[in-house]
Amino acid sequence: MGKVLTLARRELAGYFFSPMAYIVGALFLLVCGVLFFWGLPWLDIREVFSSGSESSLRPLFENLAYIMVFVGPLLTMRQIAEEFRSGTVETLLTAPLTDAQVILGKFTGVMGFYLALLAGTIPFLVLVAIFGQPDAGVAVMGYLGLLLLGAAFVAVGMFTTTITRHQVVAAIVGIAILAGLSLMMQLLVKYAPEPWSYLASLLNVMTYFQDFAKGVFDTRALVYFVSIAGLFLFLSIKTLESKRWR
Amino acid sequence: MAVNKNSQSAPTDQLNKPFARLAAAVSILLGLLGVAGVLVYVLTHTAQPAGSTLMHVAWLILFALVVIAGTNLLRGCTMSHRLLLVFWLVTGLLAALTGLSTLLWAEPAWWKTFLELPLAAVVLPVLVLAGVATTLLVLASAARLRYASMVIVSIAAAVLLVVVANLIAQKDYYRKDIETLGRYGLSDRTKRILQDIHDPVQLTVIYTSTDEKRKGADFRPQVLELTGEMKQALARQGVQMNIVNVTTDAERAALRERLRTEVVGSAQKQDKFINDFLAQADSLIKAIKDEADKSPLKDNAYLNAWGLGPGLTMNLEQTAEDLQKLKADISQQYAGGMVPDVTQMAKQVQTSLAAVRDDLNKAGLMIKEIAKVPAMVQPHKDAAAAAVKKSAEALDQLTKAIGKPDDAAPKDPAATLKEIIAAMRKVADAFTASAMPLEDISKADNLGILRANQQWASRSLDYATRSVVMKDPAEMQTEFGEQMKDNAEGLEAQLPKRTSEGQLSIIQSLRQEAESLASVASRQQKFLAALQSLSSPDEATRKIFTQAADAKLFPALQAPIDALIGQTADFTESKPSSLNEELSRDNVILVGIAGRTEAVPFDSVWPLRSQQGPAKDSADARVFNGDSAIASKLLTMTQKKPFGTVYLTYATMSAGPQDRPPMPQDGLAPWEVIASRLREANFEVKEWNLNDPFPDAEPTTASAPASGPATATAPAGSSKPRILVVLPVPPQSKVTQNPNIPLPPGFYMPEHAEKLRKEINAGASALFLAGFGLQEMNAVMEYLRKDWGVNVQSDRLIIAADRDEQDPRRLNLNWNVLSHMALNDFSDKSPIGKSLRSQRVLWQGVCPITKDESAKPPRSVTYEPILSVTADTMWAVDETHLRQLGEQFMSGQGNSLPVAFEPGDVRPPFDVAVQASCAKAQGIADNRIVVLASGASLTDRYLQSRWTPKPNQLADPPTSNADFVVNSAYWLIGKHDYIAAGPAQIRPVSVSQAQLHVIWPLMLAGLPALVLAAWGVVSTLRRR
């Protein structure tokens, strides 16, 4: 566990010592601000904060979940692919670390950065609290949901970064997988005939996330996110492992 | 050993030969068994659905590939090894998942159409064989290949684990609504209602609307989540709930079929009756047609003279046609895609058959009555004929005496005139004499049948025949006799006064008029003919008369119709089904329990959001209220006994019953919404006019309840708690609800208050609906003050003002919202109020309530506010101040009036709704009351009318006012856990445009800038 945390710390420091993290953070907050104050009317996304609107961050959480489809793979794309490209993977693989420790360490590092991004949205919550009466349950569950969703999405990103040495390819594949699990499933839920619509709703990430956004804790969602994260981390470990004997 | 030179195959040294051969042999064997199995299946199952041949071919190809891959593996092909490994892993995974889902839910419906064997009998061997094959294949790998095999197997195992974990999670899950308002979980009330359910429940969710505003796919998920929670809650107490999610046309058809079976099953006698009718309809119709066709009557038959022959035929033909239509209609209802309303259909058939029977009976009765006519005519026929003949003869003599116009002028006109006068007198006597026997015929009938059927007879019989049996001939004969008599007397008087020329002129004019006598003569002949025909019916008619007399006119028809109608005597009372109507609507939930099925409509589950919600929402925005709506339906369907009796209590003006205006049956019409909501909440609703004794009089001695308020409210000997809802004004009926004729106001007199005191002391609880300006309730208010220390200040009206945006010290009164004040500062401590927080409640005519500290109630009273006013922009004004404000408003100073406190005004805090309970004292039971100082806000009109908060803006009526009454009723009888309210809404953001213009640039630019600044700090520190 110590080795995992050491590696995670190193990864996290890597983020904060490079300008990229700050640029990503600033862009993330800018997008959040736009969604919070204006929404995206042409996509039928309503603003969160205006007189008479529901004093809740739920719409922001739901929109962030969609944004994470793109942000998740972008955060992870360089993790292993870059190691392969630059050749530092040899050092990593010969270090006294197991493959699982490598993956978990990097995963924890990315999650740390992701948490920092989420923390940036707290001023919005404070604002809603000043001018309204937001439900604490919804806020807590919303953040918990974003954490779990982020874990699953980052795990998918970790997997895609282990299968290629090209960062962009890793990001595109990751976005494709996540879009399949969210946007594609949403469309299937809406337009596919039964029972495919029902099956799609069982696989749809957003179905589970919306529970959290509403302030509902559901073990189905918990199991779903944890199992998706676990499966892709396992696949990442196995993929990295295969580099040794292939 | 053959060396594989294929470039796609790895060298055989990657395989462990003994295991590879064994794995190949097992795969070949299983592949061959698979091929054989498919062939046997095809040969033994000849009747296969379309498309199955393709599937069989695919199976054969798959198994053949396994055999081929096994054969190649024997030759050392590593690619075959990988293919077989993937094949057996996938097979094992599918078998495991199918087996698991069968264990968790049920065997898939399609399985039985595929194989008669139980699913487990196939899945288990497949799982074992796939496991064996996989193990052998892994053991068959050497070095790197074994490593790769292990990775594949471990990934498959991981996928299996994930799927299994999710399947189990879907089956047994825990769900907790952390949100304060609890919009997504089961409310305590619903949990309480579910606890009382012991029969299996079937919930059918039919959210299939494609209308963009109510699209089923959008509204369905939350309904399914909620019903899923209900299912879990019921499962914990061992009650099964089956949830059917109907989304496709096929499922909708299957649902209709299921409902059809249920509906038919609940009205089996009606169903048998309808089926018997359908079975016998053809023979019945044929028998009716035969009766119509066989008419034995000739054209000149006696009955035809009465028009009965063709009339009867026509009637029978029409009856046959009607029955044919009825049969077609009923058959269509049974055979169509509709859920047959068996009760209604049975009533339809019963009514139609009864009408047929009545028609046949009427025809028989009429024939039976007409059969009396010959017998009536016969005794008087000869005398009448003789008299008519005499009249005819006298008429003939008169005609001869007068002569014809062409005859020569008489030589002695006076003598001729005398002769004519004598003939006229004879005619007069003969006609008058003939009237008697003719009248005897009419008298015999006493004008019964014929007059009763006068219209029909006048249409069917010729004039003379009809005249004979009606009163006319006697009258006509008498009348003509009288006329002749008068004529004779007139001539006699003229005779001496006229000259000879004058007499000749009279004779000539008589000759001119004499031609009219011919028609009278002809009529006499017709009378004679009619008498003859009426007294002697033909043979065929006589036969029909005999049948009618024996009530055997239509023996082939009457017996089966009587037998069918006889079945209806055993019908049990059954409510007509409205399921078809409900199913024709969009988005409904059907709740089925204990053989009954009822629908929860879309507007109950997803009512329109109140106007207090987010301003940006469209007018069609809806809010979820499924928990309350479905639970209420379950409550009304499962509770057999009402929780208590609510008496809507009032007093009409006069105390004396003899002076009191009569109360119509629907006397409480203005309170029907409240009454209906109370009934839905499982209360029995009655009324009590305080001028009458209490409707369900009980012993007035106080009870000694075992424990708790629920039992405390019931007096000794009573099984049900009693709640008095004391209405603010006397009820007005729908009949007398004319604004131009107002009913006199009722008054609560001291004796009325005394009656209330007596009932409350005996254990009843009460909800008092007071309010501003209701001075007629003074006696009741005095009782509240003395006995409960509750001071209702009905002489003051609560008003609310807005702060002026320019000058915050200035207050403006919005006159429009006085009738719809959004007071919802409900107390958390009161269970009645707590559930109404954030709900859409609006009030009118609100007066303040305060605790009267000076009052000394006879027992200890606990006073608890439910709804209070604390805002300094609200206060209560007296009538003088209110009049001033009214004058300002009327003088056109605008809708928004500047307003300030006056000395007589009452400033907050004060209450507008309170609950009070008291401990048991000697002779007095412990009980509870609730007082609401805005009773007028609960009338039907207020609860159902939209209103105008601003010019050109319409707002919905309050949705939760009625919940206040229902919640109060539950609290009054101690059933706190049944308290619920409508949909909850989160309080909106309140931010001005000016504030927003400052905040957004700060947040939008400030936050990212802060992050970038942090990078600047970090990089600077690192450089150092």
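Below, the structure is looked at part by part. (Residues numbered from 1 in each chain as written. Chains lettered and ligands numbered in written order. Predicted model: local features only at pLDDT ≥ 70, side-chain atom pairs only at ≥ 80, totals over all residues. Heavy atoms only, no water.)

Some thoughts on the overall build of chain A
For clarity, the cut-off: Secondary structure elements are defined from DSSP: runs of H or I of at least 4 residues count as helices, runs of E of at least 2 residues count as strands, and each element is numbered from the N terminus. Here's how the labels work: a residue is buried when its accessible area is under 20% of the maximum for its type, exposed when over 50%, partly exposed in between, all with a 1.4 Å probe on protein chains only. Residues are treated as being in contact if the distance between any of their heavy atoms lies within 4.5 Å. Surface exposure here means Shrake-Rupley accessible area, sampled with a 1.4 Å probe, where a residue is shielded only by the protein chains that are shown.
A tally of regular secondary structure across chain A gives 12 helices and one strand. Within chain A, the proportion of its 246 residues that are buried is 57%. Of all intrachain contacts in chain A linking residues separated by at least 6 positions in sequence, the fraction that spans at least 24 positions is 75%. Carbon and sulfur atoms make up 73% of the accessible area of chain A, which totals about 9,800 Å².

Let's talk about a negative patch on the surface
All names here are of chain B. Put simply, the rule reads: The patches reported here contain residues having more than 30% relative accessible area and no salt bridge. Joining distances are 9 Å for like charges and 5 Å for nonpolar side chains (Val, Leu, Ile, Met, Phe, Trp, Tyr). Salt bridge, as used here, is a side-chain nitrogen of Lys or Arg placed within 4 Å of a carboxyl oxygen of Asp or Glu. Only four residue types enter the tally: Lys and Arg on the positive side, Asp and Glu on the negative side, with His and both chain ends excluded. Lysine's charge is taken at NZ, arginine's at CZ, aspartate's at CG and glutamate's at CD.
A contiguous patch of negative charge on the surface is contributed by Asp293, Glu317, Glu321 and Asp322. With three residues, helix H12 (residues 308–335) is the largest single contributor of residues to the negative patch. Along the chain, Asp293 falls in helix H10 (residues 268–293). Taking relative accessible area as the criterion, Asp293 reaches 58% and is therefore assigned exposed.

With respect to the pairing of strand E9 (residues 765–769) of chain B
Two faces make up the sheet, and in a regular strand the side chains alternate between them. Residue and element names in this part refer to chain B. Our working rule: Any two strands are treated as partners once DSSP identifies two or more bridges connecting them.
For E9, a buried count of five out of five residues is recorded, marking the element as mostly surrounded by other parts of the structure. Burial of E9 is two-sided: the residues Ser765, Leu767 and Leu769 facing one way and the residues Ala766 and Phe768 facing the other way are all buried. Alignment of E9 against strand E18 (residues 927–932), held across four bridges, turns out to be parallel. Across the sheet, residue Ala766 finds its bridge partner in E18, namely Ile929.

Digging into the pattern of salt bridges
Residues and elements named next belong to chain B. Considering all chains together, one arrives at 32 salt bridges over all chains under this definition. Here Arg175 and Glu229 are joined by a salt bridge, their closest N and O atoms 2.5 Å apart. In this pair, Arg175 is assigned in strand E1 (residues 175–177) and Glu229 in helix H8 (residues 216–236), connecting sequence segments 54 residues apart. Here Arg175 matches Glu229 in class, with each residue buried. Close ionic contact of Arg722 with Glu759 constitutes a salt bridge, the shortest N to O distance being 2.7 Å.

Focus on the sheet that holds strand E4 (residues 588–593) of chain B
Residues and elements named next belong to chain B. The condition that has to hold: An axis is simply a line fitted to the C-alpha atoms; with a helix, the fit covers only the stretch in contact. Between two such axes, the angle follows the N-to-C directions and lies from 0 to 180 degrees.
Spatially, the four strands line up as an open sheet ordered E3-E2-E4-E5, and their pairing is mixed. The sheet is open, and its two borders are formed by strand E3 (241–245) and strand E5 (596–600), each paired with just one other strand. Looking at each pair of strands side by side, their axes are set apart by 15 degrees on average, direction ignored. As paired elements, strand E2 (residues 201–206) and E3 share five bridges and run parallel to each other. Its bridge partner lying in E3, Leu203 is registered against Ile243.

Remarks on the nonpolar core
Stated formally: Nonpolar cores were defined as sets of buried Ala, Val, Leu, Ile, Met, Phe, Trp, Tyr and Cys residues, with membership established by side-chain atoms within 4.5 Å.
Among the nonpolar cores identified, the biggest contains 125 residues, and B:Phe683, B:Phe768, B:Trp788 and B:Phe964 are the most heavily contacted of them. Looking at this core, the element that brings in the most residues is helix H34 (residues 961–972) of chain B, giving eight residues. If near-sequence neighbours (up to four positions away) are discounted, B:Trp788 is found in contact with B:Ile760, B:Tyr783, B:Pro857, B:Arg859, B:Val861, B:Ala916, B:Ser917, B:Cys918, B:Asn927, B:Arg928 and B:Ile929. Counting residues in hydrophobic clusters, the runner-up holds 86 residues, among them A:Tyr15, A:Ile45, A:Val102 and A:Leu233.

Regarding the interface of chain B and chain A
We count it as follows: Buried area adds together the accessible area that both of two parts lose upon being put together, with accessible area traced by a 1.4 Å probe. Pairs of N or O atoms are called polar contacts if they sit within 3.5 Å, as long as, within protein, a hydrogen donor faces a hydrogen acceptor (for residues adjacent in sequence, only side-chain-to-side-chain pairs). In this classification, Asp, Glu, Lys and Arg are treated as charged, Ala, Val, Leu, Ile, Met, Phe, Trp, Tyr, Cys and Pro as nonpolar, and every other residue, Gly included, as polar.
Counting from both sides, the interface comprises 57 residues of chain B and, opposite them, 58 residues of chain A. For the pair chain B and chain A, the summed buried surface comes to about 5,300 Å²; carbon and sulfur atoms form 66% of the total. Contact with chain A buries area across many residues of chain B, yet B:Val989, B:Leu1004 and B:Trp1015 alone supply 12% of it, more than any other trio. Run the count over chain B and chain A and you get three salt bridges. Linking B:Arg175 and A:Asp218 is a salt bridge whose minimum nitrogen-to-oxygen distance equals 2.7 Å. Put simply, chain B and chain A have 10 residue pairs in polar contact (both at pLDDT 80 or more) between them. Among the elements of the structure, helix H6 (143–171), E1, H8 and helix H35 (993–1023) of chain B are those that each provide at least two residues to the side of chain B that touches chain A. Residue composition of the side of chain B that touches chain A, grouped by class: 32 nonpolar, 10 polar and 15 charged. Examined bridge by bridge, strand E1 (residues 216–218) of chain A and E1(B) share three bridges and lie antiparallel to one another. Its bridge partner lying in E1(B), A:Phe217 is registered against B:Lys176.

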